[in-house]
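Inside the fold
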Amino acid sequence: MSRTVYVNGAYVPEEEATVSVFDRGFLFADGVYEVTSVLDGKLIAFDGHADRLARSLSELDMDAPVTKEELLEIHRELVKRNDLVEGMIYLQVTRGAADRDFAYPTDATPTLVLFTQSKGLVDNPLADVGMKIISIEDQRWVRRDIKTVQLLYPSMGKMMAKAAGAHDAWMVEDGFVTEGTSNNAYIVTKSGTIVTRQLSHEILHGITRAAVLKMAAEAQMTIEERPFTIEEAQNAAEAFVTSASTFVMPVVEIDGEDIGTGKVGPIASRLREIYLDESRKEAI
Ligand code: PMP
């Protein structure tokens, strides 16, 4: 089934959508992206994603191709044209096409591409059994707060996890977990405190992270924002990850060691439930 995708102002069948071979997204990974979830045909946390996009663009001195209002309109139009009920909307902005040169061009028009992916997100079987994680060295560039499309190392990380019979990898730098290949990482200590690394250039400022921490605080849960080690994680009561498309996803094993009982823990389950309930209520 052919999707309708958005490319630079036009809604076109996916087979007809094209971007220049001189596009800097293609040549230099000179582009940023966002993934917004859709539940019941509505956008989850659109504001957060649009604001983070604006920040990524500004950090790279890139122009915003459209306003936030236009962006919302494009998202809604794609949901409508593709009858999207549950899944994701992927958005990418690049600096545009220009003759190949490392220095930024001054006159390029940004490229804007969006497409939908229909996928069951809520009934993810992994939410019942939990994920197995391996640890790998974090070898990414150091401005991980900018959501760029240079995702080769995270892809390698996912392949390393797959080869080890695990679902994903957590990356470690100077002895401490930074984050997952495509999610933020958390542990729950034996005394019930939720621990996740503080915001900095070292990790992506997850939109789901912000929402989940707010909801956890509202539910009177205790939160500590600080780095933790793999060893601390292996000795924790629970662990989980968050991202726009997996929401809150329990982790039950790290580097072959069971976390807690080796089963999905109550805090991760509760947070997934709260996050889904609240997000659905606030969806637009
Ligand atoms: N960290 C990384 C490295 C990611 O790629 C992602 C998802 N894109 C996240 C964290 C989670 O961010 P969000 O909750 O905004 O999806």
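First things first, this report covers the structure right here in the doc. Computed from a predicted structure; not experimentally measured.

Observations regarding the overall build of the protein chain
When helices and strands are tallied, the protein chain shows 8 helices and 15 strands. Taking 2.2 N^0.38 as the reference for a compact globule, 284 residues should give roughly 19 Å; the C-alpha atoms of the protein chain span a radius of gyration of 19 Å, in line with that estimate. Taken along its principal axes, the extent of the C-alpha atoms in the protein chain is 55 × 40 × 35 Å. Buried residues in the protein chain amount to 51% of all 284 residues. Residue pairs at least 24 apart in sequence account for 71% of intrachain contacts in the protein chain once pairs closer than 6 positions are excluded. One finds the centroid of the 29 positive side-chain charges in the protein chain at a distance of 2 Å from the centroid of its 45 negative side-chain charges.

A short note on the pairing of strand S14 (residues 247-254)
Of all 8 residues in S14, 8 are buried, a share of seventy percent or more. Bridge count between strand S7 (residues 131-137) and S14: 3 bridges; the pairing is parallel. Opposite Lys132, over in S14, you have Glu253 as the bridge partner. Where strand S13 (residues 238-243) lies against S14, 5 bridges are found, and the strand directions are antiparallel. When the bridges of S14 are listed, Thr242 appears paired with Val248. Counting the residues between successive antiparallel strands, the hairpin from S13 to S14 contains 3 residues. Inspection of the sheet shows S14 paired to strand S15 (residues 257-258) by 2 bridges, in the antiparallel sense. Residue pairing for S15: Ile254 is matched across the bridge by Glu257.

Quick notes on the pattern of salt bridges
Scanning all chains against the criterion turns up 23 salt bridges. The shortest N-O distance in the salt bridge between Lys68 and Asp51 comes to 2.8 Å. With Lys68 in helix H3 (residues 68-81) and Asp51 in helix H2 (residues 46-59), this pair connects stretches of sequence that are 17 residues apart. Taking relative accessible area as the criterion, Lys68 reaches 31% and is therefore assigned partly exposed. Among the residues examined, Asp51 registers a relative accessible area of 42% and is labelled partly exposed.

A look at the sheet that holds strand S4 (residues 42-43)
Read across the sheet, 6 strands follow the order S2-S1-S6-S5-S3-S4 without closing on themselves; strand pairing throughout is antiparallel. Each edge of the open sheet carries a strand with a single partner, namely strand S2 (10-13) and S4. In the sheet, strand S1 (residues 4-7) pairs with strand S6 (residues 111-118) via 2 bridges, with the strands oriented antiparallel. Looking at S6, one finds that Val7 is bridged to Val113.

Re H2
Here H2 spans 20 Å end to end across 14 residues, near enough to the 20 Å set by a 1.5 Å rise per residue. Within H2 the residues assigned to the buried category are Phe46, His49, Ala50, Arg52, Leu53, Ser56 and Leu57. Around the axis of H2, the buried residues are gathered within 165 degrees of arc, so they sit on the same side. Buried residues belonging to H2 abut strand S3 (31-39), S4, H3, strand S5 (87-94) and helix H6 (207-218). Looking one or two residues past H2, Asp61 carries a phi angle of roughly 50 degrees, positive in sign.

Definitions and cut-offs
- Residues numbered from 1 in each chain as written.
- Predicted model: local features only at pLDDT ≥ 70, side-chain atom pairs only at ≥ 80, totals over all residues.
- Heavy atoms only, no water.
- Helix = DSSP H or I, 4+ residues; strand = E, 2+ residues; numbered from the N terminus.
- Rg over C-alpha atoms; globule rule 2.2 N^0.38 Å.
- Buried < 20%, exposed > 50% of the residue type's maximum accessible area, 1.4 Å probe, protein only.
- Contact = heavy atoms within 4.5 Å.
- Lys, Arg positive; Asp, Glu negative; His and termini not counted.
- Charge placed at Lys NZ, Arg CZ, Asp CG, Glu CD.
- Pairing = 2+ DSSP bridges.
- Salt bridge = Lys/Arg side-chain N within 4 Å of Asp/Glu carboxyl O.
- Expected span 1.5 Å × (residues − 1).
- Arc of directions from axis to C-beta.

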